[in-house]
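Close look at the chain arrangement
Residues per chain are reported as follows:
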Amino acid sequence: MTEQQLQENSDIIIPKHIAIIMDGNGRWAQQRGKTRVVGHKNGVESVRAVVSTARKQGVKALTLFAFSSENWQRPEKEVTVLMDLFMFVLTREVKKLHKNNIRFQVIGDVSRFSDKLIKKITDAEKLTENNNDMVLSIAANYGGRWDITHAAKQLAQKVNDGELAIDDITEQSLDQQTSLAGLPELDLLIRTGGDFRISNFLLWQAAYAEFYFTEVLWPDFKEDEFLKAMACFDQRERRFGQTGEQVKSSK
Ligand code: IPE
Ligand code: IPE
Ligand code: MG
């Protein structure tokens, strides 16, 4: 399936849930003799492009990795700029998301953010809570290990309170406590920027996701690159433990 056919909206398999590790902003800027911050600012345009393309293509959930629990270790100035940028973009874009019937949520431990930013996030989540064209989840101060640990704690609390028996702890009940509970299974995980790692992103949710890695740096990842990734997904055979023959005969 070519990108051209996708653009023409041919009959291809559209992933229900796509997640992206948006990497390479710093290198993009450095290649141009600019400070890393310039890369982050230019990355915002790519976010707009993928959000709009995903919605147009009928993707039901899009999850973007914006700031990891490890990113606090960056120089203080860079962290401050990233927080300010998040605040600025949120202020500017929320109405548009709402107009486009997109539900917005932040996943991650937001308690470390400023009160002002927490309020902006809560307001945006509230405003868009009944929208149902697509769910946009922004992972901020997110870590896959944090997500699983947090879910385990919630279950432990229920056991402690006598609401749940230990035998009722199942993959499903743990899944329900994770931050993307209720959304379709993750189908496609994209990483830009040329590295082949997951960097503590959706460890639990990526169990059977298809992975797509590209050298393209995040600020250069626009609609055409996104459609390329989706076209590549369409060509994958997902076997979920079965043999190729079994999959073909069940089609
Ligand atoms: C991704 O780009 C954005 C964040 C992690 C916030 P980077 O800032 O990691 O860019 P590189 O990997 O240094 O090029
Ligand atoms: C992962 O990128 C986090 C985000 C894209 C937000 P990093 O650039 O922080 O990943 P590592 O540290 O190089 O693995
Ligand atoms: Mg990076």
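For the structure, check the block above.
Thresholds applied
- Residues numbered from 1 in each chain as written.
- Chains lettered and ligands numbered in written order.
- Predicted model: local features only at pLDDT ≥ 70, side-chain atom pairs only at ≥ 80, totals over all residues.
- Heavy atoms only, no water.
- Near = heavy atom within 4 Å.
- Polar contact = N/O pair within 3.5 Å; in protein donor to acceptor, adjacent residues only side chain to side chain.
- Areas by Shrake-Rupley, 256 points an atom, 1.4 Å probe, with all protein chains shown as cover.
- Helix = DSSP H or I, 4+ residues; strand = E, 2+ residues; numbered from the N terminus.
- Nonpolar A, V, L, I, M, F, W, Y, C, P; charged D, E, K, R; others polar.
- Axes fitted to C-alpha atoms, helices over the stretch in contact; angles between N-to-C directions.
- Parallel < 35°, antiparallel > 145°, perpendicular 65-115°, else oblique.
- Left-handed = near helix turned anticlockwise from the far one by under 90°.
- Contact = heavy atoms within 4.5 Å.
- Buried < 20%, exposed > 50% of the residue type's maximum accessible area, 1.4 Å probe, protein only.
- Pairing = 2+ DSSP bridges.

1. Details of the site of ligand 1
- What surrounds ligand 1 is the set Met 22, Asp 23, Gly 24, Asn 25, Gly 26, Arg 27, Arg 36, His 40, Ala 66, Asn 71, Arg 74 and Leu 82.
- Take Gly 24: an N or O atom from its main chain is 3.4 Å from an oxygen atom of ligand 1.
- Note that an oxygen atom of ligand 1 is positioned 3.1 Å from one of the backbone N or O atoms of Asn 25.
- Here ligand 1 has 380 Å² of accessible area as a free molecule, and 87% of this is covered by the chains.
- Broken down by secondary-structure element, the contributors of at least two residues to the shell around ligand 1 are helix 2 (25-31) and helix 3 (36-57).
- Per-element tally for the shell around ligand 1: the top contributor is helix 2, with three residues.
- Residues of the shell around ligand 1, tallied by class, amount to three nonpolar, five polar and four charged.

2. Details of the packing of helix 3 against helix 4 (residues 76-99)
- Viewed as axis vectors pointing N to C, helix 3 and helix 4 meet at an angle of 25 degrees, and their least axial separation amounts to 11 Å. In terms of their interaxial angle, helix 3 and helix 4 are classed as roughly parallel. In terms of crossing hand, the pair formed by helix 3 and helix 4 is right-handed. When helix 3 is examined against helix 4, the residues Arg 36, Val 37, His 40, Lys 41, Val 44, Arg 48 and Val 51 are found in contact with a partner set consisting of Glu 78, Val 81, Leu 82, Leu 85, Val 89, Arg 92, Glu 93, Lys 96 and Leu 97.
- Among the residues forming the contact of helix 3 with helix 4, the class breakdown is eight nonpolar, one polar and seven charged.

3. Some details on the side chain of Ser 137
- Mapping Ser 137 onto the fold places it in strand 4 (residues 134-142).
- Accessibility expressed as a relative area gives 0% for Ser 137, which makes it buried.
- Among the polar contacts listed, one links the side chain of Ser 137 to the side chain of Gln 105, at a separation of 2.8 Å.
- Leaving out residues up to four positions away in the same chain, Ser 137 has contacts with Leu 62, Thr 63, Leu 64, Gln 105, Ile 107, Leu 180 and Leu 183.

4. Let's talk about the site of ligand 2
- Neighbouring ligand 2 are the residues Ile 21, Met 22, Asp 23, Phe 65, Ala 66, Phe 67, Asn 71, Arg 74, Arg 191, Arg 197 and Ser 199.
- Interatomic distance of 2.9 Å between a side-chain N/O atom of Asn 71 and an oxygen atom of ligand 2.
- Within the contact set of ligand 2, an oxygen atom lies 2.7 Å away from a side-chain nitrogen or oxygen of Arg 197.
- Considering ligand 2 on its own, with 390 Å² of exposed area, one finds that the protein chains cover 78% of that surface.
- Here the shell around ligand 2 gets three residues from one element, more than from any other, and that element is strand 2 (residues 61-68).

5. Some details on the sheet that holds strand 2
- One open sheet accounts for six strands, arranged 3-4-2-1-5-6; its pairing is parallel. Both outer strands of the open sheet, strand 3 (102-107) and strand 6 (210-213), are each paired with one neighbouring strand and no more. On average, each strand axis in the sheet is inclined to that of its neighbour by 20 degrees, with strand direction left out of account.
- As paired strands, strand 5 (residues 188-191) and strand 6 are joined by four bridges and run parallel to one another. The residue of strand 6 that forms the bridge with Leu 189 is Phe 211.
- The sheet contacts of helix 4 involve strand 2, strand 3 and strand 4, and relative to strand 3 the element is tilted by about 160 degrees.

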